[in-house]
Amino acid sequence: MLQIRIASRHVGCVGIFLLFSSVFENLPSKQLQKLGETVVGVFLMAFVYILNNIPEDRQAFLSHVPGGDWSRYFFTLVLTAGAISFFSGHFLRDMSISVIITFGILTILVDCDIHFWVETKGMLFWNQVRLIIDDLCILLGFSMIVVRIDNRIKVE
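Residues numbered from 1 in each chain as written. Predicted model: local features only at pLDDT ≥ 70, side-chain atom pairs only at ≥ 80, totals over all residues. Heavy atoms only, no water.

A. Layout of the packing of helix α2 (residues 30-53) against helix α3 (residues 55-64). Contact geometry of α2 with α3 gives a least axis separation of 5 Å together with a crossing angle of 80°. By the criterion of interaxial angle, the relationship of α2 to α3 is roughly perpendicular. Within the contact between the two elements, α2 uses Ile50, Leu51, Asn52 and Asn53 and α3 uses Pro55, Asp57, Arg58 and Phe61. Of the residues contributing to the contact of α2 with α3, the split by class is four nonpolar, two polar and two charged. (Axes fitted to C-alpha atoms, helices over the stretch in contact; angles between N-to-C directions. Helix = DSSP H or I, 4+ residues; strand = E, 2+ residues; numbered from the N terminus. Parallel < 35°, antiparallel > 145°, perpendicular 65-115°, else oblique. Contact = heavy atoms within 4.5 Å. Nonpolar A, V, L, I, M, F, W, Y, C, P; charged D, E, K, R; others polar.)

B. The pattern of salt bridges, seen in detail. Throughout the structure, instances matching the rule amount to six salt bridges. With a shortest N-O distance of 2.8 Å, Asp111 and Arg5 are connected by a salt bridge. Of this pair, Asp111 sits in helix α5 (residues 92-111) while Arg5 sits in helix α1 (residues 2-23), and the two are 106 residues apart along the sequence. Since its relative accessible area comes to 4%, Asp111 is described here as buried. Owing to a relative accessible area of 3%, Arg5 belongs among the buried residues under this scheme. Of the charged contacts in the structure, one is a salt bridge between Asp111 and Arg9, with a shortest N-O distance of 2.8 Å. (Salt bridge = Lys/Arg side-chain N within 4 Å of Asp/Glu carboxyl O. Buried < 20%, exposed > 50% of the residue type's maximum accessible area, 1.4 Å probe, protein only.)

C. Local environment of the nonpolar core. Within the largest apolar cluster, 34 residues are counted, with the highest numbers of intra-cluster contacts made by Leu44, Phe86, Leu106, Phe142 and Ile145. Contributing elements (two or more residues each) for this core: α1, α2, α3, α4 (68-88), α5, α6 (114-120) and α7 (125-148). With seven residues, α7 is the single largest residue contributor to this core. When neighbours within four sequence positions are excluded, Leu106 is seen to be in contact with Phe47, Phe61, Val65, Phe75, Leu79 and Asp111. (Core = buried A, V, L, I, M, F, W, Y, C linked by side-chain atoms within 4.5 Å.)

D. Expanded view of the packing of aromatic side chains. This structure, assessed with the given rule, holds 11 aromatic pairs. When the ring of Phe43 is compared with that of Phe47, the centres are 6.0 Å apart and the planes differ by 45°; the resulting orientation is tilted. Of this pair, Phe43 and Phe47 both sit in helix α2, four residues apart, which is roughly one turn of that helix. Relative accessible area serves as the criterion here: at 7%, Phe47 is assigned to the buried category. With a centroid separation of 5.9 Å and an interplanar angle of 85°, the aromatic rings of Trp70 and Tyr73 are classed as edge-to-face. With Trp70 and Tyr73 both in helix α4, this residue pair falls three residues apart, about one helical turn. Aromatic rings pair up to connect Phe17, Phe20 and Phe24 into one cluster. One residue, Arg5, lies across the ring of Trp117, its end atom 4.0 Å from the ring centre. (Phe/Tyr/Trp six-rings, centres within 6.5 Å; stacked < 30°, edge-to-face > 60°. Lys NZ or Arg CZ within 6 Å of the ring centre and 35° of its normal.)

E. Local environment of the environment of Leu109. Tracing the chain through its elements places Leu109 in helix α5. Owing to a relative accessible area of 34%, Leu109 belongs among the partly exposed residues under this scheme. Sequence-wise, Leu109 and Pro66 are 43 residues apart; in three dimensions their C-alpha atoms are separated by 9.9 Å.

F. Structural context of α3. Among all positions of α3, only Asp57, Ala60, Phe61 and His64 are buried. Around the axis of α3, the buried residues are gathered within 100° of arc, so they sit on the same side. (Arc of directions from axis to C-beta.)

G. Representation of the confidence of the model for the chain in the model. Summary statistics for the chain give a mean pLDDT of 90 and a share of 96% for residues scoring 70 or more. The spread of mean pLDDT over the elements of the chain runs between α1, the lowest at 88, and α4, the highest at 95. (pLDDT = per-residue confidence, 0-100.)

Below, the structure written as structure tokens:
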């Protein structure tokens, strides 16, 4: 299950780096930005899948975040709405703020408990540190989206 957690974070970092490159180019590329948005949407859906279907991650969430299954449903709803927003390309700034809050809470409460992952789950210390650093990269990327990318609203 460690490989799934690491691979999903890598997909998230790739999506963020694609968005970075599309925003900071001299001639911004809409295709590169759309690819980055799609990859970030895939990351958010993979993260929701992991949170709900991998027993270790579900147990870690339920033991660290107050509210039990109701809070897991809420986090799933917010992250899935973020994924849909990134797939459609609309309301990116607003959904990025929501994703920063929820993903930040999950990073602080669940992933930053290194003792839980190393001692209880048998994960290597440096793998967990790497996941935390990947989470910080993703959070900084969503912050960049809030600052640099405008909300696109569908106008008919």
